[in-house]
Amino acid sequence: MQSAMVHGKRLVNFLNKKKREISYAVIGASLGTYFITSRIVTTAVVAGQSMTPTFNKNSIKSRVLVDLITPVTKVKQDDIILAHDPEESDEYIVKRVTALAGQFVEVDEDCGGAYVRKYAYQGKLTVPTGYCWVEGDNKSKSHDSREFGPLPLGLIKGRVLFTLWS
């Protein structure tokens, strides 16, 4: 009888140890996943038609992988970026960088947005230091720098690496 109690205690201790190990593994995996998706790479959904045909060519939404490590100072012209919407702070936008600080942007003053109509001079604008000019690939369906002006580099969250699925 006493040997059964000893074996029972050992079994309980063994099971408690396994529960702790599993708990540690789950917590570790959760923290690791959080760290990776908040600091290294994350995914984002691109909805709408502003980036067609690059995204959403055959569907309503595309999911993309976003590099969060590359500093905003490394963003180049033609990169596609994920950024905080400058007009809706709790929203994100996915756009193509078409010009960087110090570069001229050629715009159509008649067909441009509010910012272009107000600040363009002879169809040109200069992007100020600390900003970039972003536009959607489908200009007729895009709300971009032509409406809200140059995008502050501090609003850029990451650089789109590739489409996971569309």
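Residues numbered from 1 in each chain as written. Predicted model: local features only at pLDDT ≥ 70, side-chain atom pairs only at ≥ 80, totals over all residues. Heavy atoms only, no water.

A. Broad picture of the overall build of the protein chain. Secondary structure assignment for the protein chain yields 3 helices and 9 strands. Across the 166 residues of the protein chain, 33% fall into the buried class. Of all intrachain contacts in the protein chain linking residues separated by at least 6 positions in sequence, the fraction that spans at least 24 positions is 56%. If you sum the accessible surface of the protein chain, you get close to 10700 Å²; carbon and sulfur atoms cover 57% of it. (Helix = DSSP H or I, 4+ residues; strand = E, 2+ residues; numbered from the N terminus. Buried < 20%, exposed > 50% of the residue type's maximum accessible area, 1.4 Å probe, protein only. Contact = heavy atoms within 4.5 Å. Areas by Shrake-Rupley, 256 points an atom, 1.4 Å probe, with all protein chains shown as cover.)

B. The pairing of strand β2 (residues 61-67), seen in detail. Counting buried residues along β2, 5 of its 7 residues qualify, which places the element largely inside the surrounding structure. Two elements, β2 and strand β9 (residues 156-165), share 5 bridges in a ladder whose sense is antiparallel. Considered in β9, the bridge of V64 is made with T163. (Pairing = 2+ DSSP bridges.)

C. Region of interest: the packing of aromatic side chains. The tally for this structure, following the rule as stated, stands at 2 aromatic pairs. Pairing Y115 with Y119 gives two aromatic rings, centres 4.6 Å apart and planes at 40°, and the pair type is tilted. Remark: Y119 and Y115 occur in helix α2 (residues 114-119); sequence separation between them is 4 residues, near one turn of the helix. Look at Y115 and you get partly exposed, because its relative accessible area is 22%. Using a relative accessible area of 45% as the deciding quantity, one classes Y119 as partly exposed. Taking 6.0 Å as the distance between ring centres and 55° as the angle between the ring planes, the aromatic pair formed by Y115 and W133 counts as tilted. Of this pair, Y115 sits in helix α2 while W133 sits in strand β7 (residues 131-135), and the two are 18 residues apart along the sequence. (Phe/Tyr/Trp six-rings, centres within 6.5 Å; stacked < 30°, edge-to-face > 60°.)

D. Examining the environment of V127 more closely. Tracing the backbone through its elements, the reader meets V127 in the loop between β6 (124-126) and β7. Classification of V127 by relative accessible area gives buried; the value is 2%. Considered as a pair, V127 and A99 are 28 residues apart in the sequence and their alpha carbons are 7.1 Å apart. Leaving out residues up to four positions away in the same chain, V127 has contacts with A99, L100, A101, G102, Q103, V105, C132 and W133.

E. Examining a negative patch on the surface more closely. There is a patch of like negative charges on the surface, built from E87, E88, D90, E91 and E147. When you line up the elements, E147 lands in helix α3 (residues 145-148). (Patch = residues over 30% accessible without salt bridge, like charges linked within 9 Å, V, L, I, M, F, W, Y side chains within 5 Å. Salt bridge = Lys/Arg side-chain N within 4 Å of Asp/Glu carboxyl O. Lys, Arg positive; Asp, Glu negative; His and termini not counted. Charge placed at Lys NZ, Arg CZ, Asp CG, Glu CD.)

F. Spatial organisation of the environment of Y131. Mapped onto the elements, Y131 comes out in strand β7. When the C-alpha positions of Y131 and A99 are compared, they lie 9.1 Å apart, and in sequence the two are 32 residues distant. Once residues lying within four places of it in the same chain are set aside, the contact partners of Y131 are L100, A101, P150, L151, P152 and L153.

G. Structural detail: the confidence of the model for the protein chain. When pLDDT is averaged along the protein chain, the result is 86; 90% of the residues meet or exceed 70. Across the protein chain, the element-wise mean pLDDT spans from 70 in helix α1 (residues 2-39) up to 97 in strand β4 (residues 92-100). (pLDDT = per-residue confidence, 0-100.)

H. Geometry of unusual backbone geometry. Of note, the amide linkage connecting T52 to P53 takes the cis form, showing an omega dihedral of 10°. Among the secondary structure elements, P53 is positioned in the loop between β1 (41-47) and β2. In the Ramachandran plot, Q122 falls in the positive-phi region, its phi being about 50° despite a non-glycine side chain. Position of Q122 among the secondary structure elements: in the loop between α2 and β6. Given a relative accessible area of 62%, Q122 falls into the exposed group.

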